[in-house]
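Chain by chain, the residues run as shown.
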Amino acid sequence: MQISRKIAAFLIGLAAFMIFEWITLGFNLADGHPTAFYVVHGILIAVNIVLAIVLGVIGLRGWSQRKQGSSV
């Protein structure tokens, strides 16, 4: 499958935004919530960072393949 450079750039940008957003949320969680609140949000943060890494890798692979002119 081949993706355009526009889509690859979008995926890279989306991955960067997701990592920034969720790490910022993790640091901004206020104290005073029950433990379950932190467990749930910790899981959400971890899952979304993994998704961001996957999207970033797909975007980087698409960007480099389109740059080289090779097809998949």
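Here's what I pulled together on the structure shown here. (Residues numbered from 1 in each chain as written. Predicted model: local features only at pLDDT ≥ 70, side-chain atom pairs only at ≥ 80, totals over all residues. Heavy atoms only, no water.)

A few points about a nonpolar patch on the surface
Step number 1: On the surface, Val39, Ile43, Val47 and Leu51 cluster together into a nonpolar patch covering about 350 Å² of accessible area.
Step number 2: Since its relative accessible area comes to 46%, Val39 is described here as partly exposed. (Patch = residues over 30% accessible without salt bridge, like charges linked within 9 Å, V, L, I, M, F, W, Y side chains within 5 Å. Areas by Shrake-Rupley, 256 points an atom, 1.4 Å probe, with all protein chains shown as cover. Salt bridge = Lys/Arg side-chain N within 4 Å of Asp/Glu carboxyl O. Buried < 20%, exposed > 50% of the residue type's maximum accessible area, 1.4 Å probe, protein only.)

Here we look at helix H1 (residues 5–28)
Step number 1: Here H1 spans 34 Å end to end across 24 residues, near enough to the 34 Å set by a 1.5 Å rise per residue.
Step number 2: Within the span of H1, buried status applies to Ala8, Leu11, Ala15, Met18 and Trp22. (Helix = DSSP H or I, 4+ residues; strand = E, 2+ residues; numbered from the N terminus. Expected span 1.5 Å × (residues − 1).)

As for the environment of Ala8
Step number 1: Here Ala8 shows up in helix H1.
Step number 2: Judged by its relative accessible area of 0%, Ala8 falls in the buried class.
Step number 3: Once the C-alpha coordinates of Ala8 and Gly62 are considered, the two residues, 54 residues apart in sequence, prove to be 5.6 Å apart.
Step number 4: Once residues within four sequence positions are removed from consideration, Ala8 is found in contact with Ile3, Gly59, Gly62 and Trp63. (Contact = heavy atoms within 4.5 Å.)

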